[in-house]
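Now for the letters of each chain:
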Amino acid sequence: MIDLRTWILTALTTLLSFPATANLDDRLERYLAMSLEELMELTITISTSTPQSLARAPAVVTVITAEDIRATSAGNLAELLQSVPGIYVRASHFGYRPLIHFRGGNANQTLLMVNGSPMKDLTWGFGIFWKGLPASIIDRIEIIRGPGSALFGSDASGGVINVITKSAVGVNHSEIGLRHGSFDTSALSFQHGDHWAGFDLTLTGELSRTNGHAPLIQSDAQSLYDQQTGNSSSYAPARARYDWQNHDLRLSLAHGAWRVLGDYTRHRDLAIGLTGGGLLDPTTRASDYRRSLQLRHDQEQLNDHWGLHAEFGYLDLGYHSGNGFQERPPGHQVGTTLYPHGVINQMIAHERRWNGELSTHYRGFNSHSLRLGGGYIWQAPTRVEHRTSDPQNPLQLNDHSGTAAAFIPQHRREVYYLFLQDIWKINERWELTSGARYDRYSDFGGTFNPRLALVWQTTPQLNTKLLYGQAFRAPSYYELYAPTSHSQPNPHLQPERSETWELAFGYTPMRNLRLGLNLYHFVQQDLIAPAQGRFANTGQHTTRGLELETQWQASEALRLAASYSAHYQEQSPYRSLFVPQRTLYLRSDWSLSPAWNWNLQLNWSGPRPRSDHDPRPTLAANGLLDTTLRYAPNNRWEFAATIRNLLDQDAREFTGRAIPNDLPLPGRTFYAELRYRF
């Protein structure tokens with residue numbers, strides 16, 4: 001296989017020799033070209049599946065635009081989401097996976113979609129080896145803070161994220177990009193738009209590799225076990241390795257109202273660093289893949305009153321732990337049983353999903369806009385292999401494939417759903433959106449989730465929204481069927497449920513200044529958690545919070561933004577300790593000249609207390625400062641230099657007691673980027 005560095009060298013030689021055919025009179029889009037007034041009138045679809053302005057959307061919605069992505073020179077979706085009030089992206093010690101939390105909730109209460117298609121699989125959420133999405137393939141991101149099950153179904157309790165890729169919106173030019181930086185990170189990205197046989201064709205992709213952040217782990221879970229037993233088999237102190245390679249390729253073909261989207265992503269040679277139990281694992285070299293195909297037909301104007309949306313989707317994915325997770329290191333001993341090669345856990349899982357949806361949009365009623373639809377989802381593991389070390393003969397592995405001891409059985413899940421939504425324009429100042437969705441699951445039954453949103457243009461400068469919604473999370477196959485050393489499954493689980501009230505204000509005292517205040521009351525019920533060694537629907541938990549945000553266009557060349565989020569959880573066994581209760585985000589974008597742009601960002605996270613049974617001191621607050629300087633001398637070339645954690649702060653991610661010193665985050669890192677457009 002061609003090494004990525006060879007790809008980059010070849011691409012660089014090619015673009016340097018490419019003829020300069022672009023029109024020199026065209027100006028590169030200004031980073032601050034969109035005024036705040038234009039931003040609030042930006043058309044979005046995530047809140048109702050119907051195009052609406054951001055200001056009038058019946059939800060608390062944030063949009064991350066292409067200009068935001070370019071100005072911050074973000075490399076990954078996780079870096080972009082840190083700017084959104086109410087969102088905290090936590091780095092998991094297992095594989096350094098980015099876990100997305102909304103408003104103090106758990107990461108499994110976040111619905112992530114790509115071009116409207118959910119990313120979540122049956123067992124592992126976004127994927128056991130998920131690394132986020134390359135920023136180079138993203139056109140924009142639409143985010144709902146709050147429940148979204150009335151439109152989107154399961155997992156939309158805390159919030160909804162829809163990533164819209166460049167392939168989905170189409171591009172009318174070609175571009176190649178190179179990125180290199182700390183941890184020997186290299187990436188080659190490209191996009192191409194063309195017309196072919198009557199079709200609009202878009203191809204985007206990124207090939208990347210990194211040695212990854214390698215934090216020093218002074219003590220791990222095995223260290224604690226060794227202290228209790230008098231053994232010395234732990235790898236600690238040692239560095240957790242998080243290197244990996246990634247391929248991300250996306251193709252779109254569009255003709256009239258029809259569009260076909262095809263995606264392929266793959267990770268290989270992926271090191272997990274630490275196991276889920278918090279033990280150093282230097283041996284695992286894992287891989288995964290994800291292939292999807294979507295066929296869509298969107299015709300908003302069949303005639304004066306009717307519109308039609310039809311969608312068919314296919315997904316095939318697989319995970320392979322390679323030579324297996326090393327759950328315990330070589331030399332581990334339990335009683336008189338010695339594991340000379342350690343305790344090995346090999347897993348292979350493949351999954352397939354088919355889905356179809358049909359909806360119609362009717363505008364024939366006075367002041368009302370109705371949307372009615374339904375769909376079907378079929379989802380099942382198609383191949384499961386599972387092998388673990390044999391306690392009777394530690395030199396061999398037991399094969400549990402096809403037995404009740406396998407980590408998941410090959411049960412299928414079928415979902416039928418119906419939804420109805422009405423947007424009632426009461427008058428020029430009042431608009432009421434009401435909707436509901438009913439989902440019927442083959443493994444636990446039905447769930448009904450309504451929502452209401454009243455939007456009031458209180459004054460020309462003040463916008464008020466009163467929002468109510470219910471949501472649910474379907475139990476995962478891990479909770480339903482997977483026996484582990486920590487907890488046993490429960491095939492009789494019911495979904496988690498939530499109820500949210502929100503009051504949101506948007507105030508624009510002048511054209512160049514916008515203020516926002518959101519207050520919410522978030523109640524979770526039937527939470528799924530281990531109880532007496534087995535997963536069960538347990539109790540409920542309440543979170544109250546606020547989000548403050550402001551944007552100020554100080555001048556044509558300078559924009560300032562800030563947000564502050566705080567949530568207050570009741571003292572219960574279900575409160576999330578992994579997420580800081582207070583976060584602050586500050587940002588400035590300064591166009592030094594038409595060719596130069598300087599971006600500065602600060603992400604501050606408040607202190608995090610421990611549980612009552614954890615004697616460690618409170619995890620200290622931290623503030624990470626990032627900066628990007630971008631130079632675009634014409635409409636063909638762009639250069640950028642980025643420094644993350646500019647002040648080289650010793651910041652740490654909250655972990656359980658298995659890693660006593662928590663997970664160190666990267667120190668100061670450097671990245672350089674070059675883009676050529678033709």
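Each remark here, short or long, concerns the structure printed above.
Notes on the structure follow. (Residues numbered from 1 in each chain as written. Predicted model: local features only at pLDDT ≥ 70, side-chain atom pairs only at ≥ 80, totals over all residues. Heavy atoms only, no water.)

## Quick word on the overall build of the protein chain
Line of reasoning, step 1. If you tally the helices and strands in the protein chain, you get eight helices and 43 strands.
Line of reasoning, step 2. A globule of 678 residues ought to have a C-alpha radius of gyration of about 26 Å, and the protein chain, at 25 Å, matches this closely.
Line of reasoning, step 3. In terms of its C-alpha atoms, the protein chain occupies a principal-axis envelope of roughly 75 × 60 × 55 Å.
Line of reasoning, step 4. A buried classification covers 56% of the 678 residues belonging to the protein chain.
Line of reasoning, step 5. In the form shown here, the protein chain has an accessible surface area of approximately 28700 Å², with 58% of it arising from carbon and sulfur atoms.
Line of reasoning, step 6. Treating the 61 positive side-chain charges of the protein chain as one cloud and the 63 negative ones as another, the clouds have centres 2 Å apart. (Helix = DSSP H or I, 4+ residues; strand = E, 2+ residues; numbered from the N terminus. Rg over C-alpha atoms; globule rule 2.2 N^0.38 Å. Buried < 20%, exposed > 50% of the residue type's maximum accessible area, 1.4 Å probe, protein only. Areas by Shrake-Rupley, 256 points an atom, 1.4 Å probe, with all protein chains shown as cover. Lys, Arg positive; Asp, Glu negative; His and termini not counted. Charge placed at Lys NZ, Arg CZ, Asp CG, Glu CD.)

## Focus: the pattern of salt bridges
Line of reasoning, step 1. A complete count under the given rule lists 40 salt bridges for this structure.
Line of reasoning, step 2. Residues Arg608 and Glu653 are paired through a salt bridge, measuring 2.8 Å at the closest nitrogen-oxygen approach. In this pair, Arg608 sits in the loop between strand S38 (596–605) and strand S39 (622–631) while Glu653 sits in strand S41 (residues 652–653), placing the two residues 45 residues apart along the sequence. In this structure, Arg608 and Glu653 share a single accessibility class: buried. (Salt bridge = Lys/Arg side-chain N within 4 Å of Asp/Glu carboxyl O.)

## Remarks on the sheet that holds strand S3 (residues 61–64)
Line of reasoning, step 1. The strand order across the open sheet formed by five strands is S3-S8-S9-S6-S7, and the pairing between neighbours is mixed. The sheet terminates laterally at S3 and strand S7 (117–118), the two strands that pair on one side only.
Line of reasoning, step 2. The pairing of strand S8 (residues 138–145) with strand S9 (residues 159–165) spans seven bridges and is classified as antiparallel. Within S9, the residue paired with Ile138 across the bridge is Thr165. (Pairing = 2+ DSSP bridges.)

## So, a nonpolar patch on the surface
Line of reasoning, step 1. A cluster of nonpolar side chains, namely Trp258, Val260, Leu293, Leu295, Phe312 and Trp354, defines an oily patch on the protein surface of about 530 Å² accessible area.
Line of reasoning, step 2. For the nonpolar patch, the secondary structure elements donating two or more residues are strand S16 (258–270) and strand S19 (286–299).
Line of reasoning, step 3. Along the chain, the position of Phe312 falls in strand S20 (residues 306–320).
Line of reasoning, step 4. Residue Phe312 is classed as partly exposed on the basis of its relative accessible area, which comes to 39%. (Patch = residues over 30% accessible without salt bridge, like charges linked within 9 Å, V, L, I, M, F, W, Y side chains within 5 Å.)

## Considerations on the pairing of strand S43 (residues 669–677)
Line of reasoning, step 1. The sheet contact formed by strand S10 (residues 174–181) and S43 spans seven bridges and is antiparallel. Across the sheet, the residue bridging to Ile176 is Tyr676, located in S43.
Line of reasoning, step 2. Across eight bridges, the pairing between strand S40 (residues 637–644) and S43 is antiparallel. For Ile643, the partnering residue across the bridge sits in S43 and is Phe670.

## Observations concerning the side chain of Asp589
Line of reasoning, step 1. With respect to the helices and strands, Asp589 occurs in strand S37 (residues 582–593).
Line of reasoning, step 2. Residue class for Asp589 comes out buried when judged on its relative accessible area of 4%.
Line of reasoning, step 3. Among the polar contacts listed, one links the side chain of Asp589 to the side chain of Asn599, at a separation of 2.9 Å. (Polar contact = N/O pair within 3.5 Å; in protein donor to acceptor, adjacent residues only side chain to side chain.)

## A short note on unusual backbone geometry
Line of reasoning, step 1. In this model, Ala236 is joined to Pro237 through a cis peptide bond whose omega is 0°.
Line of reasoning, step 2. With respect to the helices and strands, Pro237 occurs in the loop between helix H7 (221–229) and strand S14 (238–239).
Line of reasoning, step 3. With phi around 55°, Ser73 is a residue other than glycine that occupies positive phi space.
Line of reasoning, step 4. Structurally, Ser73 can be placed in the loop between helix H3 (66–72) and helix H4 (77–81).
Line of reasoning, step 5. A positive phi angle, near 55°, is found at Asp184, a position not held by glycine.
Line of reasoning, step 6. Counting through the fold element by element, Asp184 comes out in the loop between S10 and strand S11 (185–196).

## Thoughts on the pairing of S9
Line of reasoning, step 1. Burial of S9 is extensive: seven of the seven residues sit out of reach of the surface.
Line of reasoning, step 2. Across the two faces of S9 the burial is the same, with Gly159, Ile161, Val163 and Thr165 and Val160, Asn162 and Ile164 all buried.
Line of reasoning, step 3. With five bridges joining them, strand S6 (residues 110–114) and S9 adopt parallel strand pairing. Looking at S9, one finds that Leu112 is bridged to Ile161.

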